[in-house]
Amino acid sequence: DVYNTATAMTADIRSALLMVNRELLRFTSTPRISKGCTQALKGPRCFPAQNQQQNTYHRDHSLVSHAAIFGDGGAYERQNPGEKPEPVENPLDNLSGAQRSSIDVDGVSWSYLRTEGGDESKPTIVCAHGILSSSYTYGDTLKLLQRDGYDAVAFDWPGFGQSSKPSESNFGYKSEDYTKGLKSFVDAIGIKKPFVFITQGYILGQYGILFAAENPDLVEKLVILNTPLGAKSKLPAPLSSYTGMFKNFAFGKNPDAGMYHAAGGPYAFNYTDYQNLQMPYESSEDARLSFETVMKDLNFEQLLSKVSMAAERFRNPTLIPWGTDDKYLALDQVLSWLETKPTSTKLFALPASMGHYPQLDFPEQLIETVTRFINDEDYTKPSNVKGASSDGGGPPADF
């Protein structure tokens, strides 16, 4: 009886905290955003006021008096009665987006975004997301790649996003099930030549590295965005709640995927993005069950070791563009991890202030870096992107 009572109380407290977190995300004013931003934000990125001397992106952050727009601008209006927030145009809104499709692969429906009219002389780019995430995070990234003439794909892993959520009897939810399924998916959508593979995030993003190591004939170049690599990497909340001796308290309740994304970086988070990322868990319990199936037998330390050994075997060119304002993962852990990796693996500290999701925080800067790497250009030279640092960012680390 005491155990049941404690369990019920914990569930009630957790539900209340999640409700408070969601309301804070929607209505909190004065979020931490880049110094120099004097307007209300539109979207998760900050486009700072231009320095008259140079195009500088400030790495330090400060509180400002204008609130981010979380959908309706209500927070700004409450803080500034009678005023309307001055919107900041997102230049990517004017670009056409990738088209969503789905395809059945061995009885599992894979949902994916794909650009149109790709130049056949350019390599195809395939993008993979991490746990509790989806191809939605690559939406702006694909707009830029479509503008630049690339055939690019961002898919939802089975159990996540808009892909189907099969039962465990129909899909194993282990790393080998995902890597095998991805190979079949790539073939099914007609990618017949080696491609550039971008992977990011916890667990599923790590499975992406395993896929590359298992298929060096398919992955001609690998790009690893912020992903757990170092042996001392830890699971952040809410993922950590699903491991350890108290994990049974977490199962059976919807994870807060939107807050998980919002907490990973330095910027205010758009409430529309929050809703899109949280939607699968609000619309059906199947998404929660799929997530829990991935987590229930997870040995994170073992996965880190497996990924490290796989990366040692992978000899194709690899770039790690790192968002240095990641609230979950430290850059120094990656530096230690690189000591035993092939010299073909390079680390690049992205010059703009980006967190755990560089593809959300500043896709323009990210794509400039990635396409320079793809085209064997110097990705450390000064950026041409508006709002990016003029000094070209951190040098690559060669080991």
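Source: prediction; values computed, not measured. (Residues numbered from 1 in each chain as written. Predicted model: local features only at pLDDT ≥ 70, side-chain atom pairs only at ≥ 80, totals over all residues. Heavy atoms only, no water.)

Undergrad: Describe the nonpolar core, naming the residues involved and giving the relevant values.
TA: Counting 71 residues, the largest nonpolar core has Ile131, Phe155, Phe185, Phe197 and Tyr202 as the members making the most contacts within it. In terms of residue count, the dominant contributor to this core is helix H5 (residues 204–214) (7 residues). Here tyrosine 202 is in contact with Gly130, Ile131, Pro228, Lys234, Leu235, Pro236, Leu239, Tyr260, Phe300, Tyr328, Leu329 and His356, once residues within four sequence places are set aside. Val196, Ile198, Ile367 and Phe373 belong to the second largest nonpolar core, which has 29 residues in total. (Core = buried A, V, L, I, M, F, W, Y, C linked by side-chain atoms within 4.5 Å. Buried < 20%, exposed > 50% of the residue type's maximum accessible area, 1.4 Å probe, protein only. Helix = DSSP H or I, 4+ residues; strand = E, 2+ residues; numbered from the N terminus. Contact = heavy atoms within 4.5 Å.)

Undergrad: For the packing of H5 against helix H9 (residues 300–313), give the residues involved together with the corresponding values.
TA: Here H5 crosses H9 at 35°, and the two axes come no closer than 9 Å. Where H5 crosses over H9, the handedness of that crossing is left-handed. In this structure, H5 contributes Gln206, Tyr207, Ile209, Leu210 and Ala213 to the contact, and H9 contributes Phe300, Leu303, Leu304, Lys306, Val307, Ala310 and Arg313. (Axes fitted to C-alpha atoms, helices over the stretch in contact; angles between N-to-C directions. Left-handed = near helix turned anticlockwise from the far one by under 90°.)

Undergrad: If you had to explain the environment of methionine 309 to someone new, which residues and values would you point to?
TA: Following the sequence through the fold, methionine 309 ends up in helix H9. Counting along the chain gives 31 residues from methionine 309 to threonine 340, while the straight-line C-alpha distance between them is 9.3 Å.

Undergrad: Lay out unusual backbone geometry in plain terms, naming residues and giving numbers.
TA: Alanine 237 connects to proline 238 through a cis peptide bond whose omega is 5°. Inspection of the secondary structure puts proline 238 in the loop between strand E8 (219–224) and helix H6 (257–262). Here leucine 132, not a glycine, exhibits a phi torsion of approximately 65°, which is positive. Positionally, leucine 132 belongs in the loop between strand E5 (125–128) and helix H3 (139–147). Although it is not a glycine, isoleucine 203 sits at a positive phi angle of roughly 65°. Its place among the elements puts isoleucine 203 in the loop between strand E7 (195–199) and H5. Using a relative accessible area of 0% as the deciding quantity, one classes isoleucine 203 as buried.

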